[in-house]
Amino acid sequence: MPHPTPAPAGFAVPVVDISAYTHGGTAEAKALVSRQMDAACSTVGFVQVLGHGIPDDILDGLKEAVDAFFSLPPDAKKSYRVEGANRGYSPPKSESLSLSLGVESASRMNDFFEAFNIGTEARSFTHLDLSEDDYGINVWPDIEGFRSKTDAYYAEAGRVARTLTTVFADALRLPHDFFAALTDHSVDVLRMNNYALPKGTVTLDGELTGMGEHTDFGLVTVLWADQVAGLQVLGLDGVWHDVAPADGALLVNLGDLTARLTNDRWMSTLHRVKPPIVDGTIQRRRSVAYFHDGNIDAVISTLPSHLDADHGLAYEPIVVRDHIKAKLAGSRQGKANTAAVRDAARVLAAAKGGSE
Ligand SMILES: O=C(O)CCC(=O)C(=O)O
Ligand SMILES: [Fe+2]
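Residues numbered from 1 in each chain as written. Chains lettered and ligands numbered in written order. Predicted model: local features only at pLDDT ≥ 70, side-chain atom pairs only at ≥ 80, totals over all residues. Heavy atoms only, no water.

Another aspect to go through is the environment of Ala-115. Here Ala-115 lies in strand 4 (residues 114–119). C-alpha of Ala-115 to C-alpha of Phe-69: the two residues are 46 residues apart in sequence and 9.8 Å apart in space. Excluding its chain neighbours within four sequence positions, the residues that come into contact with Ala-115 are Phe-70, Gly-88, Tyr-89, Ser-90, Arg-191, Met-192 and Asn-193. (Helix = DSSP H or I, 4+ residues; strand = E, 2+ residues; numbered from the N terminus. Contact = heavy atoms within 4.5 Å.)

Written as structure tokens, this is what we have:
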């Protein structure tokens, strides 16, 4: 089947230009952006974000760092593995994201992506008594410029994530600084993903999964990706749709914690990476996800404005630490996350519907 298939009428990832927030627009311009964001978050849960203001040279530096790391020999990459923390190198087939949802995959550790993670460290908050066990210590590959380039992008992506939470606060009619109290020592992680399979290793048994279906764990994810097919998003129609970033856009999606805040009015949308196989090979694809997950000790409770007393749909309040632990235990240690009942049901329903 040729790829990418055109998106059918009825499914599109809305484009929202947030310049009014990044470049000091008028109150009216901001109100328009927050209305557009509300519509995107309540119908798709993914947004093509323009006007983010990340300079091209910082994006170029990020791509150089990603290429330099993933082109190291396998043994060199493996020397940057970190046990027990969301840091360093993850080789292909060491994770199964679908297990973070409680959905069994055919051969459990099936995802062929490889990744390198960096993130916020507890020790950077000198005034707070936080545990590195909750955050993690970064490892840095011995590659000239890798750290400065990824640090520069990390700061920019964090700025965009925080700007987005300001848009969210306005869209949800919350105090402007509502999210600041949940995110002043946020556990943020940057995951650089590489989807590549050496020639001749691709089998056409239909089980090829770049990254299994999952929802992101936190508040919001800012995703830079190559304009190469592979990312698929589950629509309200129960069908998987191909999505690639528009020119100059970052893809932004909501995570589970924002869905919990809004009692699922805003969507933590299921997504996966299933690259098309063309002539027995897959086209290499890179993506870099910045996860803005909230303070490790923050309690996430459904907003009073979104409680639905009649239907009793509110989630129990949850501490960010407990939520992240349950999700990571699924994807990393092969334990199905039994708490993700709603998500698992949606994946199984979609499995019947197939992809577009
Ligand atoms: O590679 C992609 O486009 C998606 C990556 C992703 O969903 C993730 O890292 O959580
Ligand atoms: Fe994701």
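Ranked by internal contacts, the top residues of the largest apolar core, which has 66 residues, are Met-37, Phe-116, Tyr-153, Leu-164, Phe-168 and Met-192. In terms of residue count, helix 6 (residues 146–171) provides more of this core than any other element does, 11 residues in total. Every residue in contact with Met-37, bar those within four places of it in the chain, is listed here: Val-16, Ile-18, Val-47, Leu-164, Val-167 and Phe-168. In terms of nonpolar packing, the next biggest core, distinct from the first, is built from 22 residues, Leu-97, Met-211, Ile-282 and Ala-289 among them. (Core = buried A, V, L, I, M, F, W, Y, C linked by side-chain atoms within 4.5 Å. Buried < 20%, exposed > 50% of the residue type's maximum accessible area, 1.4 Å probe, protein only.)

Attention now moves to the packing of helix 3 (residues 56–70) against helix 6. To characterise two packed helices, one gives the angle between the axes of the helices and the distance between these axes. Two elements in contact, helix 3 and helix 6, have axes whose closest approach is 8 Å; the angle formed by their N-to-C orientations is 130°. Taken together, the axis directions place helix 3 and helix 6 in an arrangement best described as oblique. Judged by the sense of rotation from one axis to the other, the crossing of helix 3 with helix 6 is left-handed. The residues of helix 6 that touch helix 3, namely those facing Ile-58, Leu-59, Gly-61, Leu-62, Glu-64, Ala-65 and Phe-69, are Phe-146, Lys-149, Thr-150, Ala-152, Tyr-153 and Glu-156. (Axes fitted to C-alpha atoms, helices over the stretch in contact; angles between N-to-C directions. Parallel < 35°, antiparallel > 145°, perpendicular 65-115°, else oblique. Left-handed = near helix turned anticlockwise from the far one by under 90°.)

Glancing now at the sheet that holds strand 1 (residues 15–17). The strand order across the open sheet formed by 8 strands is 1-2-10-7-14-5-4-3, and the pairing between neighbours is mixed. Here the strands that pair on one side only, and so sit at the sheet edges, are strand 1 and strand 3 (88–90). Adjacent strand axes in the sheet meet at a mean angle of 25°, parallel and antiparallel pairs treated alike. Strand direction decides the pairing type here: strand 2 (residues 46–50) and strand 10 (residues 250–254), joined by 4 bridges, are antiparallel. For Gln-48, the partnering residue across the bridge sits in strand 10 and is Leu-251. The sheet contacts of helix 2 (residues 27–43) involve strand 1, strand 2 and strand 10, and relative to strand 1 the element is tilted by about 155°. Running at roughly 110° to strand 14 (residues 285–295), helix 3 makes contact with strand 3, strand 4, strand 5 (186–195), strand 7 (220–225) and strand 14 of the sheet. (Pairing = 2+ DSSP bridges.)

In this section: the site of ligand 1. The environment of ligand 1 is made up of 14 residues, and the closest members are Tyr-195, His-214, His-271, Arg-285 and Ser-287. Here His-214 contributes a side-chain N or O atom positioned 3.1 Å from an oxygen atom of ligand 1. Between ligand 1 and Asp-216 there is a distance of 3.3 Å, counted from an oxygen atom to a side-chain nitrogen or oxygen. Look at ligand 1: alone it shows 300 Å² of surface, and the protein chains cover 99% of it. Elements with a minimum of two residues in the shell around ligand 1: strand 5, strand 6 (211–214), strand 11 (271–273) and strand 14. Ranked by residues supplied to the shell around ligand 1, first place goes to strand 14 with 4 residues. (Near = heavy atom within 4 Å. Polar contact = N/O pair within 3.5 Å; in protein donor to acceptor, adjacent residues only side chain to side chain. Areas by Shrake-Rupley, 256 points an atom, 1.4 Å probe, with all protein chains shown as cover.)

Within strand 10, 5 of the 5 residues are buried, leaving the element largely enclosed by the surrounding structure. Residues of strand 10 alternate between two faces, with Leu-250, Val-252 and Leu-254 on one and Leu-251 and Asn-253 on the opposite face, all of them buried. One ladder, built from 4 bridges, connects strand 7 with strand 10; its direction is antiparallel. Among the inter-strand pairings, Thr-221 is bridged to a residue of strand 10, identified as Asn-253.

Tallied over the entire structure, the rule returns 13 salt bridges. Salt-bridge contacts for Asp-67 lead to Arg-284; the nearest nitrogen and oxygen are separated by 3.1 Å. Of this pair, Asp-67 sits in helix 3 while Arg-284 sits in the loop between strand 13 (281–282) and strand 14, and the two are 217 residues apart along the sequence. Here Glu-156 makes a salt bridge to Arg-159, at a shortest N to O gap of 2.7 Å. One end of the pair, Glu-156, and the other, Arg-159, are both in helix 6, 3 residues apart, so they sit about a helical turn from each other. We classify Arg-159 as partly exposed; its relative accessible area is 30%. (Salt bridge = Lys/Arg side-chain N within 4 Å of Asp/Glu carboxyl O.)

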